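# Observations on the model geometry
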Amino acid sequence: MTAEIMGYRRPDGRVGVRNHVAVLSAMDNTNATARRIAGIVKGTIALTTPFGRTQIGDDFEMTLKTLAGIARHPNVAAVLVLSIEESSATRLAERIVDSGKPVAVLGLQNAGSSVALTEKATGLVSDMVIRASEQSRERCEFSELVVGVECGGSDATSGIVSNPVTGLFADRHIDAGGTIILSEPAEFIGAEHILAARTPDPDNRQRIREMVKWFEDEAKRWSVDMRGTNPTPDNIKGGLTTLEEKSLGAIAKGGSRPIVEVVDYADGPSKKGLVIMNTPSAACESMTGLVSGGAQMIIFSTGRGNAVGAPVAPTIKVTGNPHTARAMSENIDVDLSPVVSGDESREEAADRLWEDAVKIASGKMTRCEVLGEEQLSVSRFGPSV
Amino acid sequence: MNHTNNESTPGRSPNTGVGPGEGRLARGMSRVLVLDDRDNVATCMAEMKAGDTTEVTAQKERWRISFHDAIPFGHKVSLCDIDAGDGIVKYGEVIGKASRRIKAGEHVHVHNVESIRARGDQ
């Protein structure tokens, strides 16, 4: 099944479903200025990060790669990069310019003060917003999109309703020629044999096993009983007893199609179909990786309730838990609980999710977008020095 | 005799399917849901009270569950007696092991089940 959407065709060929002008802070100390600028100029969003100074090695590379991936993202029309000094802003901007979009840099020390930086930036991003607003949406295929599937605040209904319904959506999107990214290998623990059996390429199969083993070994290395951490207290309250049980429910959101590629955190897929990304299980860190890897939209399945969304990419919140659907209606885009009450089959619920996702791709806003529920969290793998 | 439609083959998705059965709500889900025929637990899709009874199909047999405990929405009930150390099976997969003997109709959760995987404490 294919669907036409109205999207923004970007210079790199990818399709944007939003037209943000981003004020990207390359490090912690210019976050406040980025937020101030975004508060002044309509049509801009602040992208901030709690680190970025004195990071080294692979850990720093991961931060630069992830921030650049989000700035290069097709939902972003233009970017202003801020940093304490212009050179560190330029270092990040150099990784963004070949996407073909307008990129500018400003440094706090070059401007003089954060007020002077705000003043300089305000005029600059105002021009960017006006230029971006001249771009119009054009006909694109929904199947051109990369969709990330995420779950958070899981309970028993996640594995029975919202994740399988998301999985039906994933199968349909892949069958139409699209790409789905499933992440969080710590939550494959106990279910990795099922994913491995769906992975024809032996190297990819091995990588999935190694990713899972790495997370399991970390739990052992710290001599921790994972219970209470994963499953989390809210998972346990919602009826999930073990990590294995949570994992078997979690992988259902990836659907049932073969795994065609395995990518590292924040890397973009090169193939179409079902892709696995190596991310931590914390939803904000995971979604940041998915978006940096190019996911234009996220479907976020929750059981007990979780309100947060991804930066830049519209995040569609779904739940199959009737209590959550009622208590959290202001945060839920698609209520899947009619499956539990018996008013709807999972296939019918997946049809509704599909229809809403197509509308959202063409500009309908999500609950996360109107409430500003978004958090950028880049994974760290080493200390700042 | 009813059958749940969950033939299992390697490489399939975990069975989150719903078969026909008694106690079934309108067109959709049973109040007490067996997700795979190999399962020895069922998930309560409604709050259950101690003393409630229902019937489900699993392991090619019909099971009459007499609820020993009150069970919250989304939590699991045992279909049969499960010995300490035996696997708890949901979605047709082992999700943990019984940390003590569990009787049929008991609430199955963290007080009587433990994870096998990622146990840094052992």
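Predicted, not measured: the structure shown is a model, and the values here were computed from it.

### With respect to the overall build of chain A
The secondary structure content of chain A amounts to 15 helices and 14 strands. Dimensions of chain A, computed from the C-alpha atoms along their principal axes, are close to 60 × 50 × 40 Å. Put simply, 70% of the contacts in chain A that link residues at least 6 apart link residues at least 24 apart. Taken as a whole, chain A presents about 13,700 Å² of accessible surface, with 52% of it coming from carbon and sulfur. Between the averaged position of the 41 positive side-chain charges in chain A and that of its 50 negative side-chain charges there is a distance of 2 Å.

### Some thoughts on the packing of aromatic side chains
Residues and elements named next belong to chain A. One pass over the full model with this rule turns up 4 aromatic pairs over all chains. Between the aromatic rings of F142 and W354, the centroid separation amounts to 5.1 Å while the plane-to-plane angle is 65 degrees, which identifies the pairing as edge-to-face. With F142 in the loop between β7 (138-141) and β8 (146-152) and W354 in helix α14 (residues 346-361), this pair connects stretches of sequence that are 212 residues apart. An identical accessibility class is assigned to F142 and W354; each is buried. Joined through ring pairs, the aromatic side chains of F142, F169 and W354 make up one cluster. When the ring centre of F300 is taken as reference, the NZ or CZ atom of K317 above it lies at 3.3 Å. One Lys or Arg, R380, reaches over the ring of F51 and ends 4.5 Å from the middle of that ring.

### Let's talk about helix α2 (residues 57-72) of chain A
Residue and element names in this part refer to chain A. Helix length check: α2, at 16 residues, gives a terminal C-alpha distance of 22 Å against a target of 22 Å (1.5 Å per residue), a fit within 8%. Looking at α2, one finds that the buried residues are D59, F60, M62, T63, L64, T66, L67, A68, G69, I70 and A71. Tucked inside the fold, the buried residues of α2 contact β3 (20-25), β4 (44-47), β5 (76-83), α3 (86-93) and α11 (283-292).

### Observations concerning the packing of helix α1 (residues 31-40) of chain A against helix α5 (residues 114-133) of chain A
Any two packed helices are characterised by the angle at which their axes cross and by the distance between the axes. All names here are of chain A. Two elements in contact, α1 and α5, have axes whose closest approach is 10 Å; the angle formed by their N-to-C orientations is 45 degrees. Regarding the angle of α1 to α5, the classification is oblique. Every pair of crossing elements has a handedness; the one defined by α1 and α5 is right-handed. Counting all contacts with α1, which are made through T33, R36, I37 and I40, the residues of α5 involved are S114, L117, T118, A121, T122 and V125. For the contact of α1 with α5, the residue count by class is 5 nonpolar, 4 polar and 1 charged.

### Considering a nonpolar patch on the surface
Taken together, the side chains of A:M365, A:V370 and A:L371 present a nonpolar region at the surface, about 310 Å² in accessible area. Tracing the backbone through its elements, the reader meets A:V370 in helix α15 (residues 367-371).

### A few points about the interface of chain B and chain A
Of the residues lining the interface, 38 residues belong to chain B; the matching set on chain A comes to 48 residues. The interface formed by chain B and chain A holds 4 salt bridges in total. Note that A:E192 is salt-bridged to B:R117, the shortest N-O span being 2.6 Å. Here chain B is connected to chain A by 16 residue pairs in polar contact (both at pLDDT 80 or more). For the side of chain B that touches chain A, the secondary-structure elements that each account for two or more residues are β7 (93-98) and β9 (113-114) of chain B. Among the elements that take part in the side of chain B that touches chain A, β7(B) stands out by supplying 4 residues, more than any other.

### Quick notes on the confidence of the model for chain B
Residues and elements named next belong to chain B. Of the residues in chain B, 77% reach a pLDDT of 70 or more, and the chain-wide mean stands at 82. In this model, residues 1-13 is a region of pLDDT below 50 whose contacts with residues beyond four sequence positions or in other chains number 35 contacts. Interface confidence in the predicted complex, given as ipTM, is 0.90; pTM for the same model is 0.93.

### Comments concerning the nonpolar core
A general trend in soluble globular proteins is that nonpolar side chains are found buried together. If you look at the biggest cluster of nonpolar residues, it comprises 79 residues, and the most contacted ones within it are A:I5, A:F142, A:F169, A:F188, A:M297, A:I316 and B:I88. Among the elements that make up this core, the one with the highest residue count is α14(A) (8 residues). Here B:I88 is in contact with B:N40, B:V41, B:I82, B:E93, B:V94, B:I95, B:G96, B:K97, B:A98, B:I102, B:V108 and B:V113, once residues within four sequence places are set aside. With 37 residues, the next largest nonpolar core counts A:A71, A:V146, A:V275 and A:V308 among its residues.

### Here's the deal with the pattern of salt bridges
All names here are of chain A. All told, the structure shown has 29 salt bridges over all chains when counted by the stated rule. Salt-bridge contacts for R72 lead to D98; the nearest nitrogen and oxygen are separated by 2.4 Å. On the criterion of sequence distance, the pair formed by R72 in helix α2 and D98 in the loop between α3 and β6 (103-107) is long-range, its members being 26 residues apart. Assessed through its relative accessible area of 25%, R72 is described here as partly exposed.

### Some remarks on the environment of B:L79
Residue and element names in this part refer to chain B. Within the secondary structure layout, L79 lies in the loop between β5 (76-78) and β6 (87-90). Assessed through its relative accessible area of 3%, L79 is described here as buried. Separated by 22 residues in sequence, L79 and R101 place their C-alpha atoms 13 Å apart.

### Comments concerning α1(A)
Residue and element names in this part refer to chain A. Among all positions of α1, only N31, T33, A34, I37 and A38 are buried. Take α1 and look down its axis: the buried residues cluster within an arc of 165 degrees, on one side only. Those residues of α1 that are buried are in contact with β3, β4, β5 and α5.

### Looking at the sheet that holds β6(B)
Within a sheet, each strand pairs with its neighbour through backbone hydrogen bonds, oriented either parallel or antiparallel. An order of β6-β7-β9 (chain B) is seen for the 3 strands of this open sheet, with the pairing classed as antiparallel. The open sheet terminates on both sides in strands that have one partner only, identified here as β6 and β9 of chain B. Note: β6(B) against β7(B), 4 bridges, orientation antiparallel. Note that in β7(B) the partner of B:K90 across the bridge is B:E93. Sheet contacts for helix α10 (residues 243-250) of chain A: β6 and β7 of chain B; angle to β7(B), the most-contacted strand, approximately 165 degrees.

The rules behind the values
- Residues numbered from 1 in each chain as written.
- Chains lettered and ligands numbered in written order.
- Predicted model: local features only at pLDDT ≥ 70, side-chain atom pairs only at ≥ 80, totals over all residues.
- Heavy atoms only, no water.
- Helix = DSSP H or I, 4+ residues; strand = E, 2+ residues; numbered from the N terminus.
- Contact = heavy atoms within 4.5 Å.
- Areas by Shrake-Rupley, 256 points an atom, 1.4 Å probe, with all protein chains shown as cover.
- Lys, Arg positive; Asp, Glu negative; His and termini not counted.
- Charge placed at Lys NZ, Arg CZ, Asp CG, Glu CD.
- Phe/Tyr/Trp six-rings, centres within 6.5 Å; stacked < 30°, edge-to-face > 60°.
- Buried < 20%, exposed > 50% of the residue type's maximum accessible area, 1.4 Å probe, protein only.
- Lys NZ or Arg CZ within 6 Å of the ring centre and 35° of its normal.
- Expected span 1.5 Å × (residues − 1).
- Axes fitted to C-alpha atoms, helices over the stretch in contact; angles between N-to-C directions.
- Parallel < 35°, antiparallel > 145°, perpendicular 65-115°, else oblique.
- Left-handed = near helix turned anticlockwise from the far one by under 90°.
- Nonpolar A, V, L, I, M, F, W, Y, C, P; charged D, E, K, R; others polar.
- Patch = residues over 30% accessible without salt bridge, like charges linked within 9 Å, V, L, I, M, F, W, Y side chains within 5 Å.
- Salt bridge = Lys/Arg side-chain N within 4 Å of Asp/Glu carboxyl O.
- Polar contact = N/O pair within 3.5 Å; in protein donor to acceptor, adjacent residues only side chain to side chain.
- pLDDT = per-residue confidence, 0-100.
- Core = buried A, V, L, I, M, F, W, Y, C linked by side-chain atoms within 4.5 Å.
- Arc of directions from axis to C-beta.
- Pairing = 2+ DSSP bridges.

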